Amino acid sequence: MKRNHTMMQFFEWHVEPDGSHWKRLAEKAPELKAQGIDSVWIPPVTKGSSPEDTGYGVYDLYDLGEFNQKGSVRTKYGTKAELLEALAACMQNGIAVYVDLVMNHKAGADATERFKVIEVDPNNRTKDISKPFEIEGWTKFDYPGRGDKYSSFKWNHTHFNGTDYDAKTNRTGIFRMAEEDKAWNENVDDEFGNYDYLMFANIDYSIPEVREEMIRWGKWLIDTLQCNGFRLDAIKHINHEFIKEFAKEMINKRGQDFYIVGEFWKPDLAACQNFLDTVDYQIDLFDVSLHYKLHEASQAGKNFNLSTIFQDTLVNTHPTHAVTFVDNHDSQPEEALESWIDDWFKQSAYALILLRQGGYPCVFYGDYYGISGEHPIPPKKDAIDPLLHARYHYAYGPQEDYFDHPNTIGWVRRGVAEFPHSGCAVVIGNGEEGKKHMKVGSERAGQTFIDITGNRTDQIKIGKDGFADFPVNGGSVSVWVEASNN
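(A) Representation of the nonpolar core in the model. Counting residues in hydrophobic clusters, the biggest one holds 131 residues, and the most contacted among them are Val40, Met103 and Phe230. Beyond its immediate stretch of four places on either side in the chain, methionine 103 contacts Ile203, Tyr205, Met214, Trp217, Leu232, Ile238, Phe242, Ile243 and Phe246. Counting residues in each nonpolar core, the second largest holds 13 residues, with Ile460, Ile462, Ala468 and Val472 among its members.

Set out below in C-alpha coordinates:
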(Lines give C-alpha, C1' and ligand atoms only; values in the text may rest on other atoms or scores of the structure.)
Protein backbone atom coordinates (compact mmCIF):
# COMPACT_ATOMS: atom_id res chain seq x y z
CA MET A 1 0.00 0.00 0.00
CA LYS A 2 1.30 3.45 -0.92
CA ARG A 3 1.35 6.50 1.32
CA ASN A 4 -1.29 9.16 0.72
CA HIS A 5 -0.51 11.61 -2.08
CA THR A 6 -0.70 15.37 -1.48
CA MET A 7 -0.31 18.25 -3.94
CA MET A 8 0.74 21.82 -3.32
CA GLN A 9 -0.12 24.77 -5.53
CA PHE A 10 3.34 26.31 -5.35
CA PHE A 11 2.48 29.98 -5.94
CA GLU A 12 0.02 32.71 -5.08
CA TRP A 13 -0.97 35.77 -7.10
CA HIS A 14 1.36 38.21 -5.32
CA VAL A 15 4.59 36.20 -5.28
CA GLU A 16 7.36 38.79 -5.63
CA PRO A 17 8.01 39.40 -9.37
CA ASP A 18 11.79 39.32 -8.86
CA GLY A 19 12.57 36.15 -10.80
CA SER A 20 13.46 34.14 -7.67
CA HIS A 21 10.52 31.72 -7.49
CA TRP A 22 12.09 28.79 -9.35
CA LYS A 23 15.09 29.06 -7.00
CA ARG A 24 12.66 29.05 -4.07
CA LEU A 25 11.05 25.84 -5.34
CA ALA A 26 14.45 24.13 -5.67
CA GLU A 27 15.32 25.21 -2.14
CA LYS A 28 11.99 24.14 -0.61
CA ALA A 29 11.74 20.74 -2.33
CA PRO A 30 13.32 18.71 0.52
CA GLU A 31 11.15 20.49 3.11
CA LEU A 32 7.97 19.81 1.09
CA LYS A 33 8.81 16.13 0.73
CA ALA A 34 9.48 15.88 4.48
CA GLN A 35 5.96 17.21 5.11
CA GLY A 36 4.40 14.59 2.81
CA ILE A 37 3.94 16.84 -0.26
CA ASP A 38 4.78 14.63 -3.23
CA SER A 39 3.52 16.79 -6.12
CA VAL A 40 3.53 20.49 -6.95
CA TRP A 41 1.42 22.49 -9.37
CA ILE A 42 3.66 25.28 -10.60
CA PRO A 43 2.53 28.52 -12.30
CA PRO A 44 2.67 29.04 -16.06
CA VAL A 45 6.29 28.65 -17.20
CA THR A 46 5.80 30.54 -20.49
CA LYS A 47 6.69 34.19 -21.21
CA GLY A 48 3.94 36.61 -20.26
CA SER A 49 3.24 40.08 -21.59
CA SER A 50 5.63 41.67 -19.02
CA PRO A 51 8.25 40.57 -16.45
CA GLU A 52 5.57 41.05 -13.75
CA ASP A 53 2.90 39.00 -15.54
CA THR A 54 1.76 35.98 -13.53
CA GLY A 55 1.84 33.91 -16.72
CA TYR A 56 -1.87 34.06 -17.48
CA GLY A 57 -1.31 36.95 -19.90
CA VAL A 58 0.56 34.47 -22.08
CA TYR A 59 2.73 35.83 -24.90
CA ASP A 60 5.16 33.17 -26.21
CA LEU A 61 4.52 29.51 -25.43
CA TYR A 62 8.05 28.52 -26.47
CA ASP A 63 9.88 31.09 -24.33
CA LEU A 64 10.38 29.58 -20.88
CA GLY A 65 12.66 32.41 -19.74
CA GLU A 66 15.27 32.02 -22.47
CA PHE A 67 14.81 34.97 -24.85
CA ASN A 68 14.90 38.73 -24.38
CA GLN A 69 11.24 39.45 -25.04
CA LYS A 70 8.62 41.64 -23.32
CA GLY A 71 11.17 43.45 -21.19
CA SER A 72 13.32 40.62 -19.88
CA VAL A 73 14.85 37.23 -20.51
CA ARG A 74 13.34 35.73 -17.36
CA THR A 75 9.66 35.31 -16.60
CA LYS A 76 8.16 36.56 -13.32
CA TYR A 77 9.45 33.33 -11.76
CA GLY A 78 12.97 33.06 -13.22
CA THR A 79 14.97 31.81 -16.20
CA LYS A 80 14.61 28.58 -18.13
CA ALA A 81 17.85 27.29 -16.58
CA GLU A 82 16.48 27.98 -13.09
CA LEU A 83 13.20 26.28 -14.01
CA LEU A 84 15.04 23.15 -15.14
CA GLU A 85 17.10 23.17 -11.93
CA ALA A 86 13.91 23.42 -9.85
CA LEU A 87 12.33 20.51 -11.70
CA ALA A 88 15.47 18.45 -11.19
CA ALA A 89 15.40 19.24 -7.45
CA CYS A 90 11.76 18.16 -7.25
CA MET A 91 12.43 14.91 -9.06
CA GLN A 92 15.47 14.18 -6.86
CA ASN A 93 13.16 14.52 -3.87
CA GLY A 94 10.40 12.35 -5.35
CA ILE A 95 8.07 15.26 -6.04
CA ALA A 96 5.99 15.18 -9.24
CA VAL A 97 5.65 18.46 -11.14
CA TYR A 98 2.42 19.57 -12.85
CA VAL A 99 2.81 22.59 -15.15
CA ASP A 100 0.05 25.18 -15.55
CA LEU A 101 -0.99 25.56 -19.22
CA VAL A 102 -2.79 28.68 -20.48
CA MET A 103 -4.37 27.74 -23.81
CA ASN A 104 -7.46 29.93 -23.99
CA HIS A 105 -5.93 33.19 -25.22
CA LYS A 106 -2.80 35.11 -26.12
CA ALA A 107 -1.67 38.56 -24.91
CA GLY A 108 1.01 41.15 -25.58
CA ALA A 109 1.02 40.92 -29.39
CA ASP A 110 3.97 42.42 -31.28
CA ALA A 111 1.86 44.42 -33.74
CA THR A 112 -1.68 45.37 -34.64
CA GLU A 113 -3.69 44.23 -37.66
CA ARG A 114 -6.81 45.62 -39.30
CA PHE A 115 -9.75 43.27 -39.65
CA LYS A 116 -13.53 43.28 -39.49
CA VAL A 117 -15.46 42.43 -36.36
CA ILE A 118 -18.98 42.39 -34.99
CA GLU A 119 -19.49 43.70 -31.47
CA VAL A 120 -21.54 41.37 -29.26
CA ASP A 121 -23.53 41.87 -26.08
CA PRO A 122 -21.12 41.06 -23.20
CA ASN A 123 -24.00 39.45 -21.28
CA ASN A 124 -25.13 37.39 -24.30
CA ARG A 125 -22.28 36.71 -26.71
CA THR A 126 -24.71 35.11 -29.17
CA LYS A 127 -26.38 38.51 -29.66
CA ASP A 128 -24.80 40.89 -32.20
CA ILE A 129 -25.07 44.58 -31.34
CA SER A 130 -23.36 46.02 -34.45
CA LYS A 131 -22.91 45.54 -38.16
CA PRO A 132 -19.45 44.42 -39.33
CA PHE A 133 -16.84 47.18 -38.97
CA GLU A 134 -13.06 47.41 -39.06
CA ILE A 135 -10.88 47.65 -35.96
CA GLU A 136 -7.17 47.64 -35.31
CA GLY A 137 -6.46 44.75 -32.95
CA TRP A 138 -3.37 43.44 -31.18
CA THR A 139 -3.25 40.02 -32.86
CA LYS A 140 0.12 39.75 -34.68
CA PHE A 141 2.78 37.68 -32.92
CA ASP A 142 6.20 37.64 -34.62
CA TYR A 143 8.45 36.76 -31.64
CA PRO A 144 11.43 38.91 -32.72
CA GLY A 145 13.49 37.76 -29.73
CA ARG A 146 13.05 34.04 -30.47
CA GLY A 147 12.66 33.96 -34.24
CA ASP A 148 11.87 30.46 -35.50
CA LYS A 149 13.63 28.50 -32.75
CA TYR A 150 11.48 25.57 -31.56
CA SER A 151 8.56 26.66 -33.77
CA SER A 152 8.11 28.78 -36.90
CA PHE A 153 4.37 29.20 -36.25
CA LYS A 154 3.42 32.89 -36.17
CA TRP A 155 0.00 33.90 -34.88
CA ASN A 156 -2.21 36.46 -36.64
CA HIS A 157 -5.85 37.54 -36.55
CA THR A 158 -7.00 34.52 -38.60
CA HIS A 159 -6.07 32.24 -35.66
CA PHE A 160 -8.41 34.03 -33.24
CA ASN A 161 -12.18 34.46 -33.15
CA GLY A 162 -12.45 37.38 -30.75
CA THR A 163 -10.66 40.26 -29.06
CA ASP A 164 -11.54 43.05 -26.62
CA TYR A 165 -9.70 46.20 -27.72
CA ASP A 166 -9.75 48.48 -30.76
CA ALA A 167 -6.48 50.43 -30.94
CA LYS A 168 -7.90 52.65 -33.70
CA THR A 169 -10.57 54.16 -31.45
CA ASN A 170 -9.04 53.23 -28.06
CA ARG A 171 -12.25 51.40 -27.18
CA THR A 172 -12.91 48.15 -25.34
CA GLY A 173 -15.73 45.68 -25.98
CA ILE A 174 -16.21 42.06 -26.97
CA PHE A 175 -15.55 41.85 -30.69
CA ARG A 176 -16.13 38.65 -32.67
CA MET A 177 -14.03 38.32 -35.82
CA ALA A 178 -16.35 38.82 -38.80
CA GLU A 179 -14.18 37.54 -41.64
CA GLU A 180 -14.58 34.08 -43.17
CA ASP A 181 -17.78 33.35 -41.25
CA LYS A 182 -15.96 33.33 -37.93
CA ALA A 183 -18.03 32.12 -34.98
CA TRP A 184 -17.56 31.31 -31.33
CA ASN A 185 -16.56 27.70 -30.72
CA GLU A 186 -19.37 25.41 -29.64
CA ASN A 187 -18.74 22.81 -26.89
CA VAL A 188 -17.96 25.52 -24.34
CA ASP A 189 -19.74 26.71 -21.22
CA ASP A 190 -23.16 28.28 -21.92
CA GLU A 191 -22.86 31.16 -19.45
CA PHE A 192 -23.43 34.52 -21.23
CA GLY A 193 -24.96 32.52 -24.09
CA ASN A 194 -21.54 31.22 -25.13
CA TYR A 195 -18.49 31.57 -22.90
CA ASP A 196 -15.81 30.87 -25.51
CA TYR A 197 -14.51 34.41 -25.10
CA LEU A 198 -12.77 35.20 -21.81
CA MET A 199 -10.01 37.78 -22.42
CA PHE A 200 -7.30 39.13 -24.76
CA ALA A 201 -7.07 37.51 -28.23
CA ASN A 202 -9.20 34.38 -28.04
CA ILE A 203 -7.75 31.26 -29.70
CA ASP A 204 -10.01 29.68 -32.32
CA TYR A 205 -9.90 25.89 -31.92
CA SER A 206 -12.08 25.30 -34.96
CA ILE A 207 -8.93 25.82 -37.09
CA PRO A 208 -6.97 22.59 -37.75
CA GLU A 209 -3.56 24.29 -37.87
CA VAL A 210 -4.21 25.89 -34.47
CA ARG A 211 -5.12 22.53 -32.91
CA GLU A 212 -2.04 20.94 -34.49
CA GLU A 213 0.27 23.71 -33.23
CA MET A 214 -1.08 23.54 -29.68
CA ILE A 215 -0.72 19.75 -29.54
CA ARG A 216 2.79 20.03 -31.00
CA TRP A 217 3.63 22.60 -28.30
CA GLY A 218 2.26 20.38 -25.52
CA LYS A 219 4.50 17.53 -26.66
CA TRP A 220 7.48 19.88 -26.95
CA LEU A 221 6.88 21.04 -23.38
CA ILE A 222 6.79 17.44 -22.14
CA ASP A 223 10.08 16.69 -23.92
CA THR A 224 11.70 19.91 -22.70
CA LEU A 225 10.68 19.70 -19.04
CA GLN A 226 10.10 15.97 -18.53
CA CYS A 227 7.26 17.00 -16.24
CA ASN A 228 4.74 14.60 -14.70
CA GLY A 229 1.52 16.34 -15.65
CA PHE A 230 -0.39 19.48 -16.59
CA ARG A 231 -2.91 21.77 -14.95
CA LEU A 232 -5.20 23.17 -17.67
CA ASP A 233 -6.39 26.73 -17.10
CA ALA A 234 -9.90 28.03 -17.89
CA ILE A 235 -11.13 24.91 -19.69
CA LYS A 236 -14.81 25.82 -19.57
CA HIS A 237 -13.93 28.49 -22.18
CA ILE A 238 -12.07 26.09 -24.51
CA ASN A 239 -13.69 23.73 -27.01
CA HIS A 240 -14.25 20.62 -24.88
CA GLU A 241 -13.60 18.35 -27.86
CA PHE A 242 -10.14 19.90 -28.20
CA ILE A 243 -9.44 19.32 -24.48
CA LYS A 244 -10.37 15.68 -24.99
CA GLU A 245 -8.06 15.43 -28.02
CA PHE A 246 -5.22 17.27 -26.25
CA ALA A 247 -5.42 15.07 -23.14
CA LYS A 248 -5.39 11.91 -25.25
CA GLU A 249 -2.36 13.07 -27.23
CA MET A 250 -0.40 14.03 -24.10
CA ILE A 251 -1.16 10.74 -22.33
CA ASN A 252 -0.19 8.81 -25.46
CA LYS A 253 3.05 10.80 -25.55
CA ARG A 254 4.11 10.38 -21.94
CA GLY A 255 2.24 7.31 -20.72
CA GLN A 256 -0.87 6.48 -18.73
CA ASP A 257 0.55 7.90 -15.52
CA PHE A 258 0.82 11.40 -17.03
CA TYR A 259 -1.54 13.39 -14.81
CA ILE A 260 -3.89 16.14 -16.00
CA VAL A 261 -6.20 18.26 -13.87
CA GLY A 262 -8.47 20.93 -15.30
CA GLU A 263 -9.81 24.19 -13.91
CA PHE A 264 -13.52 24.01 -14.75
CA TRP A 265 -14.63 26.86 -12.48
CA LYS A 266 -18.28 26.12 -12.04
CA PRO A 267 -19.97 25.12 -8.78
CA ASP A 268 -22.76 23.39 -10.71
CA LEU A 269 -22.08 19.70 -10.09
CA ALA A 270 -24.03 18.44 -13.12
CA ALA A 271 -21.92 20.60 -15.46
CA CYS A 272 -18.72 19.15 -13.98
CA GLN A 273 -20.04 15.62 -14.37
CA ASN A 274 -21.01 16.29 -18.00
CA PHE A 275 -17.54 17.64 -18.70
CA LEU A 276 -15.89 14.52 -17.27
CA ASP A 277 -18.16 12.44 -19.52
CA THR A 278 -17.16 14.53 -22.56
CA VAL A 279 -13.43 14.08 -22.00
CA ASP A 280 -13.77 10.36 -21.24
CA TYR A 281 -12.50 10.83 -17.68
CA GLN A 282 -8.95 11.37 -18.95
CA ILE A 283 -8.50 14.29 -16.57
CA ASP A 284 -9.47 15.25 -13.03
CA LEU A 285 -11.24 18.47 -12.05
CA PHE A 286 -10.81 20.84 -9.14
CA ASP A 287 -13.77 20.48 -6.78
CA VAL A 288 -15.11 24.02 -7.07
CA SER A 289 -18.40 22.89 -5.51
CA LEU A 290 -16.64 21.88 -2.31
CA HIS A 291 -14.62 25.12 -2.23
CA TYR A 292 -17.84 27.14 -2.24
CA LYS A 293 -19.35 24.91 0.47
CA LEU A 294 -16.26 25.54 2.62
CA HIS A 295 -16.55 29.27 1.94
CA GLU A 296 -20.23 29.26 2.87
CA ALA A 297 -19.46 27.35 6.06
CA SER A 298 -16.77 29.85 7.02
CA GLN A 299 -19.16 32.77 6.46
CA ALA A 300 -22.21 31.29 8.19
CA GLY A 301 -20.52 29.99 11.34
CA LYS A 302 -22.78 27.95 13.59
CA ASN A 303 -25.72 28.57 11.21
CA PHE A 304 -24.15 26.24 8.64
CA ASN A 305 -25.22 22.60 8.90
CA LEU A 306 -21.89 20.77 8.88
CA SER A 307 -23.56 17.44 8.19
CA THR A 308 -24.29 18.73 4.64
CA ILE A 309 -20.72 19.86 3.86
CA PHE A 310 -20.16 17.19 1.17
CA GLN A 311 -23.59 17.31 -0.44
CA ASP A 312 -23.50 18.24 -4.15
CA THR A 313 -19.70 18.10 -4.32
CA LEU A 314 -17.52 16.38 -6.90
CA VAL A 315 -15.54 14.48 -4.27
CA ASN A 316 -18.82 12.94 -3.09
CA THR A 317 -19.90 11.70 -6.53
CA HIS A 318 -16.51 11.24 -8.28
CA PRO A 319 -13.95 10.78 -5.47
CA THR A 320 -11.23 9.51 -7.84
CA HIS A 321 -11.57 12.47 -10.23
CA ALA A 322 -11.77 15.34 -7.74
CA VAL A 323 -8.88 17.56 -6.71
CA THR A 324 -10.00 19.07 -3.43
CA PHE A 325 -8.73 22.48 -2.31
CA VAL A 326 -9.50 25.11 0.29
CA ASP A 327 -8.34 28.26 -1.55
CA ASN A 328 -6.21 29.19 -4.56
CA HIS A 329 -4.75 32.19 -6.43
CA ASP A 330 -8.13 33.15 -7.90
CA SER A 331 -10.10 32.89 -4.65
CA GLN A 332 -7.58 34.83 -2.55
CA PRO A 333 -8.57 38.37 -1.48
CA GLU A 334 -8.88 41.00 -4.21
CA GLU A 335 -8.65 38.48 -7.05
CA ALA A 336 -11.14 37.57 -9.79
CA LEU A 337 -13.04 34.83 -7.95
CA GLU A 338 -12.54 36.06 -4.38
CA SER A 339 -14.14 33.61 -1.97
CA TRP A 340 -11.58 33.37 0.81
CA ILE A 341 -12.21 30.91 3.62
CA ASP A 342 -12.13 32.74 6.97
CA ASP A 343 -9.24 32.08 9.33
CA TRP A 344 -11.35 30.49 12.06
CA PHE A 345 -12.45 27.71 9.70
CA LYS A 346 -9.25 27.29 7.67
CA GLN A 347 -7.74 24.47 9.71
CA SER A 348 -11.08 22.63 9.79
CA ALA A 349 -11.38 23.02 6.01
CA TYR A 350 -7.93 21.50 5.53
CA ALA A 351 -8.89 18.59 7.79
CA LEU A 352 -11.91 17.99 5.55
CA ILE A 353 -9.71 17.63 2.45
CA LEU A 354 -6.57 16.04 3.94
CA LEU A 355 -7.90 13.38 6.29
CA ARG A 356 -10.60 11.65 4.27
CA GLN A 357 -10.61 8.86 1.69
CA GLY A 358 -11.86 10.68 -1.41
CA GLY A 359 -10.14 13.30 -3.51
CA TYR A 360 -6.60 14.40 -4.29
CA PRO A 361 -6.00 17.30 -1.87
CA CYS A 362 -4.11 20.44 -2.90
CA VAL A 363 -2.56 22.74 -0.28
CA PHE A 364 -2.37 26.41 -1.31
CA TYR A 365 1.01 28.16 -1.15
CA GLY A 366 -0.74 31.33 0.05
CA ASP A 367 -2.15 29.46 3.04
CA TYR A 368 1.07 27.61 3.82
CA TYR A 369 3.69 30.33 3.27
CA GLY A 370 1.49 33.43 3.42
CA ILE A 371 0.45 36.05 0.86
CA SER A 372 2.64 38.96 -0.22
CA GLY A 373 1.64 42.33 -1.68
CA GLU A 374 -0.04 45.45 -0.33
CA HIS A 375 -2.31 43.48 1.99
CA PRO A 376 -0.18 40.59 3.24
CA ILE A 377 -1.69 37.58 4.97
CA PRO A 378 0.41 35.61 7.49
CA PRO A 379 1.23 31.94 6.82
CA LYS A 380 -0.82 29.16 8.37
CA LYS A 381 1.96 26.58 8.16
CA ASP A 382 1.75 25.82 11.90
CA ALA A 383 -1.96 24.98 11.57
CA ILE A 384 -1.52 22.88 8.40
CA ASP A 385 1.62 20.91 9.31
CA PRO A 386 -0.07 18.70 11.95
CA LEU A 387 -2.74 17.80 9.38
CA LEU A 388 -0.09 16.94 6.77
CA HIS A 389 1.62 14.78 9.39
CA ALA A 390 -1.69 13.09 10.17
CA ARG A 391 -2.39 12.53 6.46
CA TYR A 392 0.99 10.93 5.88
CA HIS A 393 1.07 8.74 9.00
CA TYR A 394 -2.51 8.12 10.20
CA ALA A 395 -5.30 8.82 7.69
CA TYR A 396 -5.62 5.30 6.28
CA GLY A 397 -8.11 2.49 6.27
CA PRO A 398 -11.91 2.25 6.20
CA GLN A 399 -13.78 5.47 6.91
CA GLU A 400 -16.83 5.73 9.15
CA ASP A 401 -18.72 9.02 9.26
CA TYR A 402 -20.58 10.50 12.21
CA PHE A 403 -22.32 13.32 10.37
CA ASP A 404 -25.33 13.31 12.68
CA HIS A 405 -25.31 16.82 14.15
CA PRO A 406 -25.46 20.24 12.45
CA ASN A 407 -22.63 21.75 14.54
CA THR A 408 -20.39 18.82 15.45
CA ILE A 409 -19.32 16.17 12.95
CA GLY A 410 -16.67 13.50 13.02
CA TRP A 411 -15.22 10.52 11.24
CA VAL A 412 -12.89 7.65 11.97
CA ARG A 413 -10.18 6.12 9.80
CA ARG A 414 -9.59 2.61 11.12
CA GLY A 415 -5.96 2.30 10.02
CA VAL A 416 -4.14 -0.41 8.04
CA ALA A 417 -1.66 -3.09 9.05
CA GLU A 418 0.97 -1.81 6.58
CA PHE A 419 1.39 1.40 8.58
CA PRO A 420 1.68 0.59 12.30
CA HIS A 421 -0.25 2.92 14.64
CA SER A 422 -2.25 4.32 11.69
CA GLY A 423 -5.86 5.33 12.11
CA CYS A 424 -7.38 8.51 13.54
CA ALA A 425 -10.55 10.10 14.83
CA VAL A 426 -11.40 13.58 13.58
CA VAL A 427 -13.95 15.96 15.12
CA ILE A 428 -14.97 19.37 13.73
CA GLY A 429 -17.24 21.89 15.42
CA ASN A 430 -18.64 25.22 14.25
CA GLY A 431 -20.69 26.05 17.34
CA GLU A 432 -20.07 25.43 21.03
CA GLU A 433 -17.61 22.92 22.45
CA GLY A 434 -18.79 19.42 21.60
CA LYS A 435 -17.87 15.75 21.42
CA LYS A 436 -18.47 12.71 19.28
CA HIS A 437 -18.99 9.16 20.56
CA MET A 438 -17.12 7.17 17.90
CA LYS A 439 -15.71 3.68 17.46
CA VAL A 440 -12.03 3.32 16.61
CA GLY A 441 -12.07 -0.47 17.02
CA SER A 442 -12.20 -2.96 19.90
CA GLU A 443 -8.60 -3.94 19.13
CA ARG A 444 -7.66 -0.48 20.46
CA ALA A 445 -9.32 -1.02 23.86
CA GLY A 446 -7.25 0.61 26.60
CA GLN A 447 -5.16 2.72 24.22
CA THR A 448 -4.66 6.41 24.91
CA PHE A 449 -5.38 8.95 22.16
CA ILE A 450 -4.16 12.55 21.99
CA ASP A 451 -5.02 15.49 19.73
CA ILE A 452 -2.17 15.90 17.24
CA THR A 453 -3.25 19.50 16.44
CA GLY A 454 -2.59 20.61 20.02
CA ASN A 455 -6.01 22.25 20.16
CA ARG A 456 -6.96 19.92 23.04
CA THR A 457 -4.63 18.63 25.76
CA ASP A 458 -6.90 15.80 26.99
CA GLN A 459 -5.84 12.18 26.94
CA ILE A 460 -8.69 9.96 25.78
CA LYS A 461 -8.79 6.31 26.83
CA ILE A 462 -10.52 3.90 24.44
CA GLY A 463 -13.21 1.75 26.06
CA LYS A 464 -13.45 -2.05 25.95
CA ASP A 465 -16.03 -1.80 23.17
CA GLY A 466 -13.64 0.30 21.04
CA PHE A 467 -15.63 3.50 21.56
CA ALA A 468 -14.66 6.80 23.16
CA ASP A 469 -15.96 10.34 23.48
CA PHE A 470 -13.72 12.58 21.38
CA PRO A 471 -14.05 16.29 22.27
CA VAL A 472 -13.56 19.40 20.12
CA ASN A 473 -13.41 23.08 21.02
CA GLY A 474 -16.04 25.43 19.61
CA GLY A 475 -15.20 26.57 16.08
CA SER A 476 -12.28 24.18 15.90
CA VAL A 477 -10.94 20.76 14.87
CA SER A 478 -9.23 17.97 16.76
CA VAL A 479 -7.40 14.99 15.24
CA TRP A 480 -7.08 12.14 17.71
CA VAL A 481 -4.30 9.57 17.21
CA GLU A 482 -2.65 6.84 19.26
CA ALA A 483 -0.40 8.47 21.87
CA SER A 484 2.32 5.81 21.88
CA ASN A 485 3.54 6.91 18.45
CA ASN A 486 4.05 10.57 19.35
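(B) View of the environment of aspartate 189. As for its placement among the helices and strands, aspartate 189 is situated in the loop between strand 11 (171-177) and strand 12 (201-203). Judged by relative accessible area, aspartate 189 falls into the buried class, the value being 4%. Separated by 49 residues in the primary sequence, aspartate 189 and isoleucine 238 have C-alpha atoms spaced 8.4 Å apart. In this view, aspartate 189 contacts Asn194, Tyr195, Lys236, His240 and Lys266; residues no more than four positions away in its chain are not counted.

(C) Summary view of the packing of helix 8 (residues 343-354) against helix 10 (residues 381-393). Two elements in contact, helix 8 and helix 10, have axes separated by 10 Å at closest approach and are oriented at 15°. In terms of their interaxial angle, helix 8 and helix 10 are classed as roughly parallel. Handedness of the helix 8/helix 10 crossing: right-handed. The segment helix 8 lies against helix 10, with Gln347, Tyr350, Ala351, Ile353 and Leu354 engaging Ala383, Ile384, Leu387, Leu388 and Arg391. Split into classes, the residues belonging to the contact of helix 8 with helix 10 amount to eight nonpolar, one polar and one charged.

(D) Seen up close, unusual backbone geometry. Unlike most non-glycine residues, phenylalanine 200 shows phi in positive territory, near 55°. Note on placement: phenylalanine 200 falls in the loop between strand 11 and strand 12. Notably, aspartate 280 is not glycine yet its phi reads approximately 55°, a positive angle. Position of aspartate 280 among the secondary structure elements: in the loop between helix 5 (269-278) and strand 15 (284-286). Its relative accessible area of 46% is what places aspartate 280 among the partly exposed residues.

(E) Structural context of empty space enclosed by the protein. Inspection of the entire model under this criterion finds four cavities of 30 Å³ or more. There is about 60 Å³ of room inside the largest cavity. Forming the boundary of the largest cavity are Phe115, Lys116, His157, Thr158, Met177, Glu179, Glu180 and Lys182.

(F) Focus on helix 6 (residues 288-300). The end-to-end C-alpha distance of helix 6 is 18 Å, a good match for the 18 Å that 13 residues give at a rise of 1.5 Å each. Residues of helix 6 that are buried: Val288, Ser289, Leu290, His291, Lys293, Leu294, Ala297 and Ser298. Its buried side turned inward, helix 6 meets helix 5, strand 15, helix 7 (314-317), strand 16 (322-325) and helix 8.

(G) Broad picture of the sheet that holds strand 23 (residues 460-461). Taken together, the six strands give an open sheet; going across it, the order is 18-19-20-25-22-23, and neighbouring strands pair in antiparallel fashion. Edge strands, defined here as strands with exactly one partner in the open sheet, are strand 18 (399-402) and strand 23. Here strand 22 (residues 448-451) pairs with strand 23 via two bridges, running antiparallel. Residue pairing across strands places phenylalanine 449 opposite isoleucine 460, the latter belonging to strand 23.

(H) Fine view of the packing of aromatic side chains. With the rule as written, the count across this model stands at 37 aromatic pairs. With a centroid separation of 5.6 Å and an interplanar angle of 85°, the aromatic rings of phenylalanine 11 and tryptophan 41 are classed as edge-to-face. Remark: tryptophan 41 occurs in strand 2 (residues 39-42) and phenylalanine 11 occurs in the loop between strand 1 (7-9) and helix 1 (21-34); sequence separation between them is 30 residues. A relative accessible area of 1% means that phenylalanine 11 is categorised as buried. Note on tryptophan 41: relative accessible area 2%, which makes it buried. Ring centres of tyrosine 59 and tyrosine 143 lie 5.2 Å apart, and the angle between their planes is 65°; this geometry places the pair in the edge-to-face category. Pair noted here: tyrosine 59 is in strand 4 (residues 58-60) and tyrosine 143 is in the loop between strand 9 (133-140) and strand 10 (160-166), with a separation of 84 residues, a long-range link.

Rules used in this analysis
Residues numbered from 1 in each chain as written. Predicted model: local features only at pLDDT ≥ 70, side-chain atom pairs only at ≥ 80, totals over all residues. Heavy atoms only, no water. Core = buried A, V, L, I, M, F, W, Y, C linked by side-chain atoms within 4.5 Å. Buried < 20%, exposed > 50% of the residue type's maximum accessible area, 1.4 Å probe, protein only. Contact = heavy atoms within 4.5 Å. Helix = DSSP H or I, 4+ residues; strand = E, 2+ residues; numbered from the N terminus. Axes fitted to C-alpha atoms, helices over the stretch in contact; angles between N-to-C directions. Parallel < 35°, antiparallel > 145°, perpendicular 65-115°, else oblique. Left-handed = near helix turned anticlockwise from the far one by under 90°. Nonpolar A, V, L, I, M, F, W, Y, C, P; charged D, E, K, R; others polar. 1 Å grid on protein atoms, 1.4 Å probe; cavity = no way out; pocket = protein on both sides within 12 Å on 5 of 7 lines; lining within 4 Å. Points joined across faces, edges and corners; volume = space filled by probe spheres on them. Expected span 1.5 Å × (residues − 1). Pairing = 2+ DSSP bridges. Phe/Tyr/Trp six-rings, centres within 6.5 Å; stacked < 30°, edge-to-face > 60°.

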